[in-house]
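Residues per chain, in single letters:
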Amino acid sequence: MEHLYLSLLLLFVSSITLSLFFLFYKHRSHYATPNLPPGNVGLPLVGESIDFLSSGWKGHPERFIFDRITRYSSQVFKTSLLGQPAAVFCGAAGNKFLFSNENKLVVAWWPDSVNKVFPSSTQTSSKEEAKKMRKMLPNFFKPEALQRYIGIMDTIARRHFAMGWEGKDEVTVFPLAKRYTFWLAARLFLSVDDPSHVARFADPFHLLASGIISIPIDLPGTPFNRAIKASNFIRKELRAIIKQRKVDLADGKASPTQDILSHMLLATDEDGKHMTELDIADKILGLLIGGHDTASAACTFVVKYLAELPEIYEQVYKEQMEIVKSKAPGELLNWDDIQKMKYSWNVACEVMRLAPPLQGAFREAINDFIFNGFSIPKGWKIYWSANSTHKSGKYFPEPEKFDPTRFEGEGPAPYTFVPFGGGPRMCPGKEYARLEILVFMHNLVKRFRWEKLLLDEKIVVNPMPMPAKGLPVRLYPHKA
């Protein structure tokens, strides 16, 4: 019997040893290509993921980048992130290379967690899905369409501030900003306008957004598990809206051009086929995330910096009150008003430079290629970081200083200010985001001054920047 136990123990130890050897060998084999960039690949599976993520959790995601640029004296370095061999491209040259070679040398890549939360997204390549979406979206984000949205945005902003801000001494900004941008997205993408209907989506939607890019462990209580449950709930709600819209379109109760949902229902591919309801639901889900999550972070940090910098607040207030004085009581904002908000937009851009809502993104190499003298193998993941330029003194002198004048005249050099990405994959909703941020700023400063309640509130980046406690502020309404 003892011999049997000893044999089983030896077998167990051997299998563990072989498994670890295989993992180690496989991990190292990814880095056998000659002339790779300098860098450290860390341990099998884990790589440098913990350092990468924890630098964001500590509020300084740029440290992961700049520590390695300094250590390796290189604008590109190798690493291992999210279980993948990766290269990090830094600086304006890295941004230009990636943005200029989209669909030639690189394509978009998302972690496994994204494909599991959005099951239909695995049916075709991300490249094909991106092409489909970008054919659909221009009609809704072109200037004439955007001009129609401004009055709707202003109406919703007024209702939002009346319900969530007015009559309160203190508010927590980040959840309110999420409520505002989500309400706008629900109204403009789906024609859902009832606050109670919007609220039904809101909580599960925030669970989904926070768990999409997470460790894909589907166990009860994990962010990933909550994201999958939330996505199933929202998908069910969306399919009910889709079914009703089909009926309304057939009965003439809905317009083919009223929102993105109608357009998706009526659009066909090259073979004349319509998208499935599940596919539409997933695409709407993706748009809702892109259409509100990043903008809510930008709106929150506008509030933070205007609280900290009273001289900047005064300039924004002056500009916005000139617009208020030019309008009749109750008159909604229009395109001309938005064009007058030049200083306010410079302030918003400086906010997004210091706290970029989109910290960066992954690409996948679809061919072997050379960058900066180093070999990048096919299949490797490539990460570009907004912070590698936004917080570099090479591109922005005194990078930690808040200075909206950086955006006057021709503004920053190309490929240095990249809060919306760049190239073919530049955020198609960039102008939409500009409108919702400016409408928010207008409605905020014309009503209130405010001060932060937590002077040293920690900033967490996971994956977007957010104040750890949601940015509580004390409001001081303007006297009529």
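Keep in mind it's a predicted model, so treat the numbers as computed, not measured. (Residues numbered from 1 in each chain as written. Predicted model: local features only at pLDDT ≥ 70, side-chain atom pairs only at ≥ 80, totals over all residues. Heavy atoms only, no water.)

1. Concerning the overall build of the protein chain
When you go through the protein chain residue by residue, the secondary structure sums to 18 helices and 12 strands. Across the protein chain, contacts joining residues at least 24 apart in sequence account for 70% of those joining residues at least 6 apart. Summing over all exposed atoms, the protein chain offers an accessible surface of approximately 22,800 Å²; the carbon and sulfur share of this is 58%. (Helix = DSSP H or I, 4+ residues; strand = E, 2+ residues; numbered from the N terminus. Contact = heavy atoms within 4.5 Å. Areas by Shrake-Rupley, 256 points an atom, 1.4 Å probe, with all protein chains shown as cover.)

2. Structural notes on the pattern of salt bridges
Going through the model one piece at a time under the given rule, you end up with 25 salt bridges. In this structure, Lys391 engages Glu62 in a salt bridge whose closest nitrogen and oxygen atoms are separated by 3.6 Å. Residue Lys391 is located in the loop between α17 (387-390) and α18 (430-445), and its partner Glu62 is located in helix α3 (residues 62-72); the two are separated by 329 residues in the primary sequence. Its relative accessible area of 10% is what places Glu62 among the buried residues. The network of salt bridges with common partners includes Arg239, Lys243, Lys246 and Glu277. (Salt bridge = Lys/Arg side-chain N within 4 Å of Asp/Glu carboxyl O. Buried < 20%, exposed > 50% of the residue type's maximum accessible area, 1.4 Å probe, protein only.)

3. Side note on the sheet that holds strand β4 (residues 170-172)
Ordered by their spatial adjacency, three strands build an open sheet running β4-β12-β9, and the pairing between neighbours is antiparallel. Of all strands in the sheet, those bounded by a partner on one side alone are β4 and β9 (448-452). The average angle at which neighbouring strand axes cross in this sheet is 35°, direction not considered. Where β9 lies against strand β12 (residues 472-477), five bridges are found, and the strand directions are antiparallel. Across the sheet, the residue bridging to Lys452 is Val473, located in β12. (Pairing = 2+ DSSP bridges. Axes fitted to C-alpha atoms, helices over the stretch in contact; angles between N-to-C directions.)

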